[in-house]
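These are the residues of each chain, in order.
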Amino acid sequence: MNVTPVVNLKASDSNLRKSDIWFDDGNVVTVAEDHLFRVYKGMLTSVSPIFTGLFSLAVAPSNDAELFDGCSMVSLHDLSDDLYPFLKTLFF
């Protein structure tokens, strides 16, 4: 899984769609293609060294950091059809 911080993605983009993997108390929004998944950093880091590395490198959010519903956004280069089963297995 390749991960990078969101650069040109805006939470206001009209093409973004919430997935059914959406926890109102989640603390990170992952973005794959045009699908949003609000999940828990702790669960992601407990099963994935990629996410562990990503979140350990993260710095405190700045005032211009892109947020969605108050959560940090992380863009993944994976297809949403590939990410969905991973998250579904992890969270359900």
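Residues take numbers from 1 onward in each chain, read along the sequence in its written order. Local features are withheld for residues below a pLDDT of 70 in this predicted model, meaning they are given only at 70 or higher, and side-chain atom pairs are given and counted only at 80 or more; totals for whole chains, interfaces and linings count all residues. Side-chain measures here rest on the full set of heavy atoms in the structure, leaving out hydrogens and waters.

- An unreviewed UniProt entry lists the chain under the name BTB domain-containing protein, with Somion occarium given as the organism.

## Examining the pairing of strand S4 (residues 35-39)
If a strand is regular, its side chains alternate between the two faces of the sheet.
Part 1 of the argument: Buried residues dominate S4, accounting for four of its five residues.
Part 2 of the argument: Being paired, for any two strands, means DSSP has found at least two bridges between them. Secondary structure elements are taken from DSSP: a helix is a run of H or I of four residues or more, a strand is a run of E of two residues or more, and numbering for both begins at the N terminus. Here five bridges tie strand S3 (residues 28-32) to S4, and the two strands are oriented antiparallel to one another. Opposite Val29, over in S4, you have Arg38 as the bridge partner.
Part 3 of the argument: Linkage of S3 to S4, two consecutive antiparallel strands, is achieved through a turn of two residues, within which Glu33 is found at a positive phi near 55°. Categorising residues by exposure relies on relative accessible area from a 1.4 Å probe, with only protein chains included: less than 20% of the type maximum marks a residue as buried, more than 50% marks it as exposed, and the intermediate range marks it as partly exposed.

## A word on the side chain of Ser19
Part 1 of the argument: As for its placement among the helices and strands, Ser19 is situated in strand S2 (residues 17-22).
Part 2 of the argument: For Ser19, a relative accessible area of 9% puts it in the buried group.
Part 3 of the argument: A distance of 3.0 Å separates a polar side-chain atom of Ser19 from the backbone nitrogen of Ile21.
Part 4 of the argument: Whether two residues touch is decided by their heavy atoms; if any such pair falls within 4.5 Å, the residues are in contact. Sequence-distant contacts of Ser19, that is, excluding residues within four places in its chain, are made with Leu36, Phe37 and Tyr84. Think of a polar contact as two N or O atoms within 3.5 Å of one another; within protein, one of them needs to be a possible hydrogen donor and the other a possible acceptor, and neighboring residues in sequence only count if both atoms come from side chains.

## Some thoughts on helix H3 (residues 80-91)
Part 1 of the argument: The end-to-end C-alpha distance of H3, which contains 12 residues, comes to 16 Å, matching closely the 16 Å that a straight helix rising 1.5 Å per residue would cover.
Part 2 of the argument: Taken residue by residue, H3 has Ser80, Leu83, Leu87, Leu90 and Phe91 as its buried positions. One side of H3 carries all its buried residues, which in axial view fall inside an arc of 95°. Facing away from the buried side of H3 by over 90 degrees, the exposed positions are Asp81 and Thr89.
Part 3 of the argument: Tucked into the core, H3 has its buried residues touching S2, S3, S4, helix H1 (41-47) and strand S6 (71-76). One less than the residue count of a helix, multiplied by 1.5 Å, gives the span that helix is expected to have. Taking the helix axis as origin, the arc is that swept by the directions to the C-beta atoms.

## Overview of the packing of aromatic side chains
Part 1 of the argument: Only Phe, Tyr and Trp rings are paired, with Trp represented by its six-membered ring, and only when their centres lie within 6.5 Å; those with planes under 30 degrees apart are stacked, over 60 edge-to-face, the remainder tilted. Counting across every chain of the model gives six aromatic pairs.
Part 2 of the argument: Ring centres of Phe23 and Phe92 lie 5.7 Å apart, and the angle between their planes is 25°; this geometry places the pair in the stacked category. Taken together, the positions of Phe23 in the loop between S2 and S3 and Phe92 in the segment after H3 put the pair 69 residues apart, joining distant regions of the chain.
Part 3 of the argument: With a relative accessible area of 19%, Phe23 lands in the buried category.
Part 4 of the argument: Taking the relative accessible area as the measure of exposure, Phe92 reaches 57% and is therefore exposed.
Part 5 of the argument: Ring centres of Tyr40 and Phe91 lie 6.0 Å apart, and the angle between their planes is 50°; on these two criteria the pair is classed as tilted. Within this pair, whereas Tyr40 is found in the loop between S4 and H1, its partner Phe91 is found in helix H3, the two being separated by 51 residues in sequence.
Part 6 of the argument: Classification of Tyr40 as partly exposed rests on a relative accessible area of 22%.
Part 7 of the argument: With relative accessibility at 13%, the residue Phe91 sits in the buried group.

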